[in-house]
Amino acid sequence: MKHLTHISVLAASLFLSSHVVAQTVAITNSWVRATVQGQKATGAFMTVTSKENAKLVTVSSPVAGIAEIHEMKMEKDVMKMAALPNGLDLPAGKAVDLKPGSYHIMLMDLKLPLNKDVAVPLTLTFQDSSGKKSQQVVQVPVSVQPPFGQGMNHQHGDHKH
Ligand SMILES: [Cu+2]
């Protein structure tokens, strides 16, 4: 509970200085993959669109001891994933997909099983091109299946515009 209190205090202190910046980033189609008993890590996925050039620099959640921004890619026929050391670039006006097999938020050291139909709070920290940081808290629904057709068989990308 200590952690939750810390987040709400932080959100309150940042509100006055940065809520205008935070509103320039739209988060849509977010979901977290449900876990089974004993599973300690899972992925969170979403589409992030920033009005201005920005970066997603860190993520945190009270349900996870560690949250990282990961990239998954094929290297010599082996799927590898690694944390992005400088965050995820969000070019102005471009919808950046975090989805299975690509960029994702990795939630590790989970404090509890994530059952479907609950929501997980994620605090996303963005940095604009001047280096100014802002935070946005999103409630992300837990789902067993990709709920928005983001599965790995949809790489041609049938997005609605
Ligand atoms: Cu990962």
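Higher on the page you've got the structure.
A. Layout of the overall build of the protein chain. Scanning the protein chain for helices and strands turns up one helix and ten strands. Scored against the burial criterion, the 161 residues of the protein chain give a buried share of 37%. Entry remark: accessible area of the protein chain is about 9,500 Å², with carbon and sulfur atoms responsible for 56%.

B. Summary view of the pattern of salt bridges. Scanning the model with the defined rule gives three salt bridges in all. When the shortest N-O distance is used, the salt bridge between Lys-111 and Asp-109 registers 3.6 Å. The class for Lys-111 is exposed, based on a relative accessible area of 53%. For the salt bridge of Asp-117 with Lys-116, the shortest nitrogen-to-oxygen distance reads 3.6 Å. Take Asp-117 and Lys-116: they sit in the same class, and that class is exposed.

C. Quick peek at the coordination of the copper ion. Within the protein, the atoms that donate to the copper ion are His-70 (ND1), Met-81 (SD), His-104 (NE2) and Met-106 (SD), at distances of 2.1 to 2.3 Å. Of note is the copper ion, whose four donor atoms meet at the metal with angles of 97 to 117° in an arrangement that counts as tetrahedral. Mapped onto the sequence, the donors of the copper ion take the spacing H-x10-M-x22-H-x1-M. Of this pair, His-70 sits in strand 4 (residues 64-75) while Met-81 sits in strand 5 (residues 78-83), placing them eleven residues apart in sequence. By relative accessible area, His-70 is classed as buried at 6%. Given the relative accessible area of 39%, Met-81 is considered partly exposed.

D. Focus on the side chain of Thr-47. Counting through the fold element by element, Thr-47 comes out in strand 2 (residues 42-50). In this structure the side chain of Thr-47 is engaged in a polar contact, spanning 2.8 Å, whose partner is the side chain of Asp-97.

E. Summary view of the packing of aromatic side chains. For the structure on display, the rule yields one aromatic pair. Note on Trp-31 and Phe-45: the rings are 4.7 Å apart at their centroids and 35° apart in plane angle, and the pair reads as tilted. Of the two residues, Trp-31 sits in strand 1 (residues 25-33) while Phe-45 sits in strand 2, which places them 14 residues apart along the sequence. Using a relative accessible area of 0% as the deciding quantity, one classes Trp-31 as buried.

F. Structural context of unusual backbone geometry. Phi at Asp-77 is positive, roughly 70°, even though this residue is not glycine. Examined against the element boundaries, Asp-77 turns out to sit in the loop between strand 4 and strand 5. Judged by relative accessible area, Asp-77 falls into the exposed class, the value being 73%. At Asp-109, a position not held by glycine, the phi torsion is positive, near 55°. Within the secondary structure, Asp-109 is located in strand 8 (residues 104-110). Overall, Asp-109 belongs to the partly exposed group, its relative accessible area being 38%.

Rules of the game
- Residues numbered from 1 in each chain as written.
- Predicted model: local features only at pLDDT ≥ 70, side-chain atom pairs only at ≥ 80, totals over all residues.
- Heavy atoms only, no water.
- Helix = DSSP H or I, 4+ residues; strand = E, 2+ residues; numbered from the N terminus.
- Buried < 20%, exposed > 50% of the residue type's maximum accessible area, 1.4 Å probe, protein only.
- Areas by Shrake-Rupley, 256 points an atom, 1.4 Å probe, with all protein chains shown as cover.
- Salt bridge = Lys/Arg side-chain N within 4 Å of Asp/Glu carboxyl O.
- Donors = N, O, S within 2.8 Å, 3.2 Å for Na, K, Ca; no water.
- Tetrahedral: all angles 85-135°; square planar, octahedral: opposite > 155°, others 65-115°.
- Polar contact = N/O pair within 3.5 Å; in protein donor to acceptor, adjacent residues only side chain to side chain.
- Phe/Tyr/Trp six-rings, centres within 6.5 Å; stacked < 30°, edge-to-face > 60°.

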